[in-house]
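# Reading the structure
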Amino acid sequence: MMESERELSAMAQELWDNDVNRLKPGTDYRISLQGKAGDSMCVNDDNDGAGSPLFTFVDENTFKKETFLAFISLLDNYVSDTGEPEIVTPEEVAENHKFLDSIIQTPTMKIAHKYLVEKNLSPKDDTKFKEQLYRIWFELYARRGSSRPDSSGFEHVFVGETRGGRTVIGFHNWIQLYLQEKLGHIDYKGYSVSANSPQPDENKHILALQFSWKDGIKPKGSIFIGVSPEFEFALYTLCFLTSPNERVKVQFSYYDVEIVCHHYNQKHIGTTYPVLLKYRKPT
């Protein structure tokens, strides 16, 4: 492990230890993994490894907490199809700011901010830091194949997008997955596992999976489950600002994780998500 990855692992551990709003598997939420997903790229396929939803229970009282409320209010602000320009209303801008205001007060974001200031990667002033976060996550840009601003880091990672109506891109957030599944827009197809990846189980906070959304398919996605919005925001922002590499290995809790973080024009997040490399069983 490189020195920079060791340092980032220590930060990830600190974020994890201070994620006071994280849900506990089996208590605050329950998932049903069912079978392994097939290789099909079709929405209506015979290879569906799961006949039931992924989430069997989520304690929705959690969603009343300030950061969760502010986060959920952003999820309906986007047109999913890439190529369709996003129109951001003043109300939506206000919601974006409200979300940033709520998360920069949390222990996880304060830890991330302090570290970034020490590394001269972020301004110390909270207002200027918020401006930096806004640029990275919420400023619109034109995704591949589009001439007009139709995407943002936040929309891609946390909300999800569709390309050509048939392929789901991004969509790496468990809260959006749960809420869309509850509305009947998600069909969970089963978990994904490769020869080298650890077997998933219902208590791990990272899951690779396949699902369809609206009329599109996500052949393989990877998400944190049960963590707070501020934990993901803090970890991904750290990886984006500290590492020129688009893949960063970190260790925290029982997890060895690769954080994939693609930059867009070095100014914005293109995509970012976790890949579980190894699980160290609690002794």
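To be clear, the structure that these remarks concern was listed above.
Quick summary incoming for the structure in this document. (Residues numbered from 1 in each chain as written. Predicted model: local features only at pLDDT ≥ 70, side-chain atom pairs only at ≥ 80, totals over all residues. Heavy atoms only, no water.)

It is worth spelling out the overall build of the protein at this point. A count of helical and extended segments in the protein gives eight helices and 10 strands. What you see for the protein is a C-alpha radius of gyration of 18 Å, in line with the 19 Å of a compact globule of 283 residues. Burial analysis of the protein (283 residues in total) assigns 54% to the buried set. As displayed, the protein has an accessible area near 12,800 Å², and 49% of this comes from carbon and sulfur atoms. (Helix = DSSP H or I, 4+ residues; strand = E, 2+ residues; numbered from the N terminus. Rg over C-alpha atoms; globule rule 2.2 N^0.38 Å. Buried < 20%, exposed > 50% of the residue type's maximum accessible area, 1.4 Å probe, protein only. Areas by Shrake-Rupley, 256 points an atom, 1.4 Å probe, with all protein chains shown as cover.)

One pass over the full model with this rule turns up 10 salt bridges. A salt bridge links E7 to K119; the shortest N-O distance between them is 2.7 Å. Here the residue E7 occupies a position in helix α1 (residues 3-17), and K119 occupies one in the loop between α4 (107-118) and α5 (126-137), the gap between them amounting to 112 residues. Among the ionic pairs, K189 bridges to D187, the shortest N-O distance being 3.2 Å. (Salt bridge = Lys/Arg side-chain N within 4 Å of Asp/Glu carboxyl O.)

Right, let's get into the sheet that holds strand β9 (residues 255-264). An order of β8-β9-β10 is seen for the three strands of this open sheet, with the pairing classed as antiparallel. The sheet terminates laterally at β8 (247-252) and β10 (268-279), the two strands that pair on one side only. For this sheet, the mean inter-axis angle between neighbouring strands, taken without regard to orientation, is 25°. In this structure, β8 lies alongside β9, joined through six bridges in antiparallel fashion. In the strand pairing of β9, R247 is matched with V260. The strands that α1 touches are β8 and β9; relative to β8, the one it contacts most, it runs at about 55°. (Pairing = 2+ DSSP bridges. Axes fitted to C-alpha atoms, helices over the stretch in contact; angles between N-to-C directions. Contact = heavy atoms within 4.5 Å.)

A word on helix α7 (residues 174-182). The buried fraction of α7 amounts to eight of the nine residues, a majority that puts the element mostly inside the structure. Of all the positions in α7, only W174, I175, Q176, L177, Y178, L179, Q180 and E181 are classed as buried. Its side-chain oxygen 3.0 Å from the backbone nitrogen of I175, N173 forms the N-cap of α7. (Polar contact = N/O pair within 3.5 Å; in protein donor to acceptor, adjacent residues only side chain to side chain.)

The next point concerns the environment of D17. Mapped onto the elements, D17 comes out in helix α1. For the pair formed by D17 and L209, sequence separation is 192 residues and the distance between their alpha carbons is 26 Å.

Another aspect to go through is the nonpolar core. In terms of nonpolar packing, the biggest core is built from 75 residues, with F99, W137, F154, W174 and F233 touching the most fellow members. Considering every element that reaches this core, the biggest residue donor is helix α8 (residues 229-242), with nine residues. Residue contacts for F99: discarding those within four places in its chain leaves T67, A70, F71, L74, F138, F154, P229 and F233. (Core = buried A, V, L, I, M, F, W, Y, C linked by side-chain atoms within 4.5 Å.)

For K214, which is not glycine, the phi torsion reads 55° and is therefore positive. Counting through the fold element by element, K214 comes out in the loop between β6 (206-213) and β7 (216-224).

Between two packed helices, what matters for the description is the angle formed by their axes and the separation of those axes. The contact between α5 and α8 brings their axes to 12 Å, and the two run at 85°. For the element pair α5 / α8, the angle class is roughly perpendicular. Where α5 approaches α8, its residues Q132, L133, I136 and W137 are matched on the opposing element by F233, Y236, T237, F240 and L241. Broken down by class, the residue content of the contact of α5 with α8 amounts to seven nonpolar, two polar and no charged. (Parallel < 35°, antiparallel > 145°, perpendicular 65-115°, else oblique. Nonpolar A, V, L, I, M, F, W, Y, C, P; charged D, E, K, R; others polar.)

Take the packing of helix α3 (residues 90-103) against α8 next. Across the interface, α3 lies against α8 with an axial gap of 10 Å and an inter-helix angle of 90°. On the basis of the axis angle, α3 is roughly perpendicular to α8. Contact with α3, carried on its side by F99, L100 and I103, involves P229, E230 and F233 of α8 and no other residues of that element. Split by residue class, the contact of α3 with α8 holds five nonpolar, no polar and one charged.

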